[in-house]
Amino acid sequence: MARYGMVMDMRTCVGCQACMAACSTENQTPFWSEKFRTHVEDKETGTFPDVRRVQLPRLCMHCENTPCLSACPTGATHMDKNGIVLVNYDRCIGCYACCIACPYDARYAYDGEDVSRERELYGKLVSHEVPHVDKCTFCVQRLNEKLEPACVATCPTHTRIFGDLDDRKSEVHKLALSGKAQALNQGLGTAPKVFYIPS
Amino acid sequence: MTTVFDHFIEKSGPFTPDWAARITDVPAETIRRIAIEFGQARPAMVDPGWMGARYHHLIGQRRLQAIIQTLVGGIDKPGGWLMNGEYHHRSEKAWHNMQQGGEQHGPPVERPGMGFAYGLLDIFANPAAWEHGKPGFSFVWAMEQQKAGKPSAFLPAMADTGLYEAVKGELTFNGEPYRMKALIMNAANPVRHYFPAKRWEKMLSSPNLDLVVAIDVLPSDSTLYADVILPNHTYLERNEPLLYPLGPETGIGYTTRLRAIEPLYDTRDTTDILCEIARRMGKLEPYLEGIAEYAGLDPQVLRSEVAAAQSARKPLNEAFIKTAYVAMGKFSGTMTGRKMSAAEVEAVIREKGLLMLKDAREVVEEMNLPRKLPVPTMSGRLELFSPILESFARQAGQQPLFNPVLGYVPRMVTDQGDKNDLGANEFYFTYGKVPVVLHASTNNNELLAAVTEPKKGQFMGLWINASKARSLGLSNGQEVEVTNLRYGPKVKATLFTTEMIRPDTVFLPSAYGSRNKKLSIAGGKGTALNELMPYSIEPIAASFMSQEFTVSVRPVNS
Amino acid sequence: MTFVHQEVWHWQIATYLFLGGLGGATFAISAVLHLFEGCDRKMLSVAVMSSIAFLVIGTVFLLADMLQPLKAIYALTNPRSWIFWGVVFINFYFIAAIAYVIPLLEEWPMLQPIIQKIPAPILGLLERFNKLVALGGSAAGFLVAIYTGLLISAAPAINFWNTPALPLLFVISGFSTGAAFLLLLSMLSSNPGAHAISAKLEQLDAMLIVTELIILGAYFNFAMFLPTGARASAEFLFHSPVFIVGFFVTGLLVPLIIETWGIFFSGHSEGKKSGLPIILASALVLVGGYLLRIYVLKAGMFQYPW
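Residues numbered from 1 in each chain as written. Chains lettered and ligands numbered in written order. Predicted model: local features only at pLDDT ≥ 70, side-chain atom pairs only at ≥ 80, totals over all residues.

Structural notes on the overall build of chain C
- Counting its secondary structure elements, chain C contains 11 helices and 2 strands.
- Helices and strands in chain C line up, N terminus first, as β-α-α-α-α-α-α-α-α-α-α-α-β.
- Here the C-alpha atoms of chain C give a radius of gyration of 20 Å, agreeing with the 19 Å that 2.2 N^0.38 yields for 306 residues.
- Dimensions of chain C along its principal axes, counting C-alpha atoms only, are 65 × 55 × 25 Å.
- Expressed as a percentage of the 306 residues in chain C, the buried residues total 49%.
- Intrachain contacts of chain C at a sequence separation of at least 6 include 81% that bridge at least 24 residues. (Helix = DSSP H or I, 4+ residues; strand = E, 2+ residues; numbered from the N terminus. Rg over C-alpha atoms; globule rule 2.2 N^0.38 Å. Buried ≥ 20, exposed ≤ 12 C-beta atoms within 10 Å, placed from the backbone. Contact = placed C-beta atoms within 7 Å.)

See below:
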């Protein structure tokens with residue numbers, strides 16, 4: 001039993017968006033509808049020559065005090081024993097209460113048209129068989145094979161760091177515990193498990 | 001007696017930090033501070049960067065970077081510039097050959113440094129190297145230009161100089177016509193990627209060109225001009241025919257590409273395409289011999305592997321790679337003292353993705369250039385004085401570009417030279433890559449296009465300083481016309497306003513502007529960089545001078 | 001900080017919210033009027049049938065907007081979700097409303113044969129406990145009306161929605177639309193007692209609109225305080241002519257003026273000629289109520305920390 005979490009090191013993210021592409025192929029997300037499980041925000045501040053540019057990769061924060069879980073009437077949104085917030089595709093009715101409740105823009109609709117297109121592309125290998133609301137799952141199917149999430153494995157700059165927050169030897173534990181990495185919008189009380197090292 | 005070093009100190013006199021500060025906007029105190037810090041850090045490192053060939057003086061810039069690097073002893077030293085494994089290997093081999101007595105050089109691909117360039121000249125610029133008695137077209141052009149006292153290039157080894165003239169029927173060699181009648185483009189898209197677009201459009205549509213063949217995986221702007229398109233395996237379906245050194249890696253190792261999936265359609269490896277063409281011309285034997293010689297393969301093994309592949313109806317590509325494994329097996333013996341069988345080589349490559357024969361630490365230890373081995377220069381040492389540039393100066397006349405010590409070549413953005421007082425909507429121009437497109441060939445990939453969409457401005461737009469845009473009444477996302485004020489061409493672009501660029505400069509991502517509508521995703525999107533470019537080459541390697549102009553930016557009149 | 005409009009709940013949900021508030025309030029007001037003032041049973045039956053119809057239509061719009069409406073029954077799983085309670089309240093409401101209306105429908109000779117098909121003991125029970133069912137149904141109706149606001153306010157990152165003022169606004173607005181609808185019905189009814197009812201409803205709606213204006217005042221004052229998502233939403237609304245004119249002016253102010261005139265100066269509109277303004281006012285309140293839901297949803301902006 002773990003408590004999986006992630007640290008984003010914004011000092012190293014170069015905005016290549018390879019994570020978005022890797023996640024899409026691994027999880028068959030509907031990139032054809034411009035919908036992704038993870039995004040990279042590209043923010044610039046200042047005026048030339050005192051300009052700063054920050055790349056902020058984001059995804060589901062797998063909050064401990066999960067607002068989307070409370071909002072879901074069917075229990076489709078649930079948390080597994082390793083702290084990963086998951087959606088049971090068969091139980092999701094697509095009411096979007098979770099999308100409204102999420103403070104981190106983590107969710108999107110995997111609708112009927114998306115399922116049809118997915119079938120065209122992936123044939124018998126489809127992983128989304130019915131329409132539902134979708135989001136990052138920390139690649140739980142890869143974790144079951146002792147592999148890191150696709151975005152973490154792909155990132156060329158060691159921006160995404162993944163591990164068990166309860167494992168004292170893990171990088172994520174040390175970074176989160178030391179306060180070097182902080183969660184976003186802490187004031188809301190959602191207790192996210194994704195932390196950020198500012199650039 | 002004055003040394004080269006004395007010459008350098010004298011020649012660098014006028015080029016003070018204050019002089020540089022005026023040109024670069026970097027404060028003189030900063031330049032001084034960095035110079036001192038750099039000089040005292042042992043080693044320090046200049047990062048030379050990529051894609052620099054845009055100005056006449058680029059070779060001088062690279063040379064100066066190397067000189068600075070040498071002055072702090074940062075050559076082939078951890079923390080400085082490390083030569084790659086292949087360079088070490090070739091240098092050691094050349095040194096070894098020389099010690100054995102004589103100039104037996106081996107194939108040009110195996111010679112280090114300038115030896116490689118001269119080796120190429122010996123083949124492509126040497127009429128005696130060819131049955132028909134004529135050198136390569138780019139060298140013919142260079143020689144003829146020189147004879148006529150017109151601007152030429154000294155080492156147009158990979159240039160297209162003379163090609164258009166040969167197609168047009170205007171090129172001669174020693175009074176004889178030098179015609180170009182057929183062209184094979186292998187995984188090349190010159191209409192979109194070479195400079196300028198118009199030159200290649202005209203060339204490929206010339207009535208004098210009887211046959212244009214394109215080997216490609218996708219429709220491109222160049223396949224539109226092909227008489228025959230031969231469909232190629234994609235990178236996932238492709239086996240390479242040879243083993244290759246590891247690029248910038250300091251250790252000595254080799255790798256190749258092996259297919260991830262079986263070919264899905266009726267396509268071929270390039271090797272098979274070229275071998276089949278050679279076979280139908282009745283020239284397969286000499287072709288195989290030539291490749292074996294060029295690539296260091298055993299011609300016997302190659303011939304028998306090819307025969308075996310032919311009778312088993314297997315792709316010939318496999319024959320080549322098998323021969324390459326045999327050659328590598330033998331070669332590894334010379335490196336590690338233990339020969340490997342072809343099967344062992346293949347097994348290591350399949351398992352690890354590469355075959356390491358000597359790691360970086362060992363190479364830097366045992367083959368250090370110049371601490372253990374002579375550098376492939378005339379003196380065997382790192383030379384700051386450039387005999388090559390001096391030879392060019394002797395041929396083409398003294399000028400800063402060919403100064404063998406130090407020559408300052410000012411920026412030229414007009415026919416008269418530099419320009420510092422820009423007009424109201426006049427800008428310096430620069431271009432570069434974006435992370436979502438590889439070699440400008442993946443812009444049709446649906447997934448990458450989807451990932452590009454959220455950052456369409458940054459990745460596809462013409463970058464302009466936001467404050468400057470406002471002062472010109474221009475806004476983000478606006479369509480504009482960009483005119484090359486020195487050479488004339490115009491293109492349309494979409495503005496991306498940002499503070500991440502100087503107010504006097506605009507930047508264009510280089511990977512878009514495909515016109516072929518058969519490219520369902522990329523066709524018709526973005527701005528084609530090479531439609532803004534002139535045909536302007538520098539006189540050493542004939543590389544394109546792609547930023548020696550200014551541009552104007554104005555709204556498109558709808 | 002980035003402000004982004006929510007993109008999942010559109011006019012279909014707005015329709016459900018509006019009809020939910022309208023239906024629940026219509027029933028509650030009708031039942032209370034019936035219990036405390038007494039009124040014609042035929043009119044009452046029309047009112048209650050309308051309120052049931054509103055909820056049915058609303059529910060259809062709600063289900064049509066979902067990805068998997070056929071699995072809607074799963075919504076009765078997680079009691080921490082307001083949708084769960086919505087399903088509970090609405091079902092409770094349907095049961096009560098149907099139980100309440102059946103005895104009332106006996107007023108309609110055409111329906112008598114159908115009603116007589118109901119087994120006599122059950123019919124007897126419905127008639128005996130009619131008043132209790134009315135009370136229960138009113139509570140359910142009120143809960144349906146206020147739950148729509150509670151549902152929308154459960155959005156921690158949509159500052160404009162995440163306030164107790166929203167459920168208050170929705171329930172007051174819902175009751176205002178209910179009163180307006182009943183006012184419309186009573187103005188159009190040829191029943192002799194209708195006039196007295198209209199007078200009461202006119203007063204009720206006017207008071208509700210005043211209350212709504214007070215809540216809106218406090219709501220926007222709070223939203224404008226700092227440059228948060230709430231202020232961005234408020235500014236979005238200020239720049240929407242349809243919201244300002246359609247909701248605020250013709251949906252609140254104009255009906256209030258008309259009703260005030262009707263109460264104080266026109267003797268509650270005797271005669272058909274002076275009845276027209278009141279009918280107009282009721283219609284405007286209904287349109288305004290619908291626009292309020294549409295625009296509250298449109299104005300919902302997430303406040304993201306990047």
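With respect to the arrangement of the chains
- Pairwise contact counts over the 2 pairs of chains in contact peak for chains A and C.
- As for chain C relative to chain B, no contact occurs, and the smallest C-alpha gap between them is 14 Å.

A word on the sheet that holds strand β6 (residues 244-245) of chain B
All names here are of chain B.
- The 3 strands are arranged β6-β7-β8 in an open sheet whose pairing can be described as antiparallel. This sheet does not close on itself; its edge strands, each paired only once, are β6 and β8 (355-358).
- Summarising the sheet, β6 and strand β7 (residues 252-255) pair through 2 bridges and their orientation is antiparallel. Paired with Pro 245 across the bridge in β7 is Tyr 254.
- Here helix α5 (residues 85-100) sits on the sheet in contact with β6 and β7, set at roughly 115° to β7. (Pairing = 2+ DSSP bridges. Axes fitted to C-alpha atoms, helices over the stretch in contact; angles between N-to-C directions.)

Examining the interface of chain C and chain A
- Between chain C and chain A, the residue contacts involve 26 residues of the former and 31 residues of the latter.
- For the side of chain C that touches chain A, the secondary structure elements donating two or more residues are α3 (82-105) and β2 (301-304) of chain C.
- Here the side of chain C that touches chain A is built from residues that sort into 19 nonpolar, 5 polar and 2 charged. (Nonpolar A, V, L, I, M, F, W, Y, C, P; charged D, E, K, R; others polar.)

Comments concerning unusual backbone geometry
All names here are of chain B.
- For the bond running from Arg 42 to Pro 43, omega is 5°, close enough to zero to count as cis.
- Take Pro 43: it is sitting in the loop between α3 (28-40) and α4 (58-71).
- The omega torsion across Phe 195 and Pro 196 is -15°, close enough to zero to call that bond cis.
- With respect to the helices and strands, Pro 196 occurs in the loop between α9 (190-193) and α10 (197-204).

Some details on the interface of chain A and chain B
- In this complex, chain A contributes 17 residues to the contact, which on the side of chain B involves 18 residues.
- Listing elements by their share of the side of chain A that touches chain B, those giving two or more residues are α1 (18-27), β2 (39-47) and β3 (50-58) of chain A.
- Ranked by the residues each element gives to the side of chain A that touches chain B, the list is headed by β2(A), at 5 residues.
- Class assignment of the residues belonging to the side of chain A that touches chain B gives a composition of 7 nonpolar, 6 polar and 4 charged.

Thoughts on the packing of helix α8 (residues 194-223) of chain C against helix α10 (residues 241-264) of chain C
Residues and elements named next belong to chain C.
- Closest axis-to-axis distance for the α8/α10 pair is 9 Å, and the angle between their directions is 140°. Compared by their axis directions, α8 and α10 come out oblique. At the point where α8 passes α10, the crossing takes the left-handed sense. Along its contact with α8, which presents Glu 202, Gln 203, Asp 205, Ala 206, Ile 209, Glu 212 and Leu 213, the element α10 presents Leu 252, Pro 255, Leu 256, Glu 259, Thr 260, Gly 262 and Ile 263.
- The residue makeup of the contact of α8 with α10, split by class, is 7 nonpolar, 3 polar and 4 charged. (Parallel < 35°, antiparallel > 145°, perpendicular 65-115°, else oblique. Left-handed = near helix turned anticlockwise from the far one by under 90°.)

Quick notes on the confidence of the model for chain C
- In the predicted model, chain C carries a mean pLDDT of 91, and 97% of its residues have values of at least 70.
- The complex prediction reports pTM at 0.91, with the ipTM value standing at 0.94. (pLDDT = per-residue confidence, 0-100.)

Overview of helix α1 (residues 11-36) of chain C
Residue and element names in this part refer to chain C.
- If you check α1, its first and last C-alpha atoms are 36 Å apart, about what 26 residues at 1.5 Å a residue would give, namely 38 Å.
- Most of α1 is tucked away, with 21 of its 26 residues classed as buried.
- Gly 38, located one to two residues past α1, shows a positive phi value of around 70°. (Expected span 1.5 Å × (residues − 1).)

Remarks on the sheet that holds strand β9 (residues 194-197) of chain A
All names here are of chain A.
- The strand order β8-β1-β9 describes an open sheet built from 3 strands, whose pairing is mixed. Of all strands in the sheet, those bounded by a partner on one side alone are β8 (160-164) and β9. Within the sheet, the average angular offset between the axes of one strand and its neighbour, ignoring direction, is 20°.
- Here strand β1 (residues 4-9) runs beside β8; their pairing, made up of 5 bridges, is antiparallel. Each residue of the ladder has a partner; that of Met 8, found in β8, is Arg 160.

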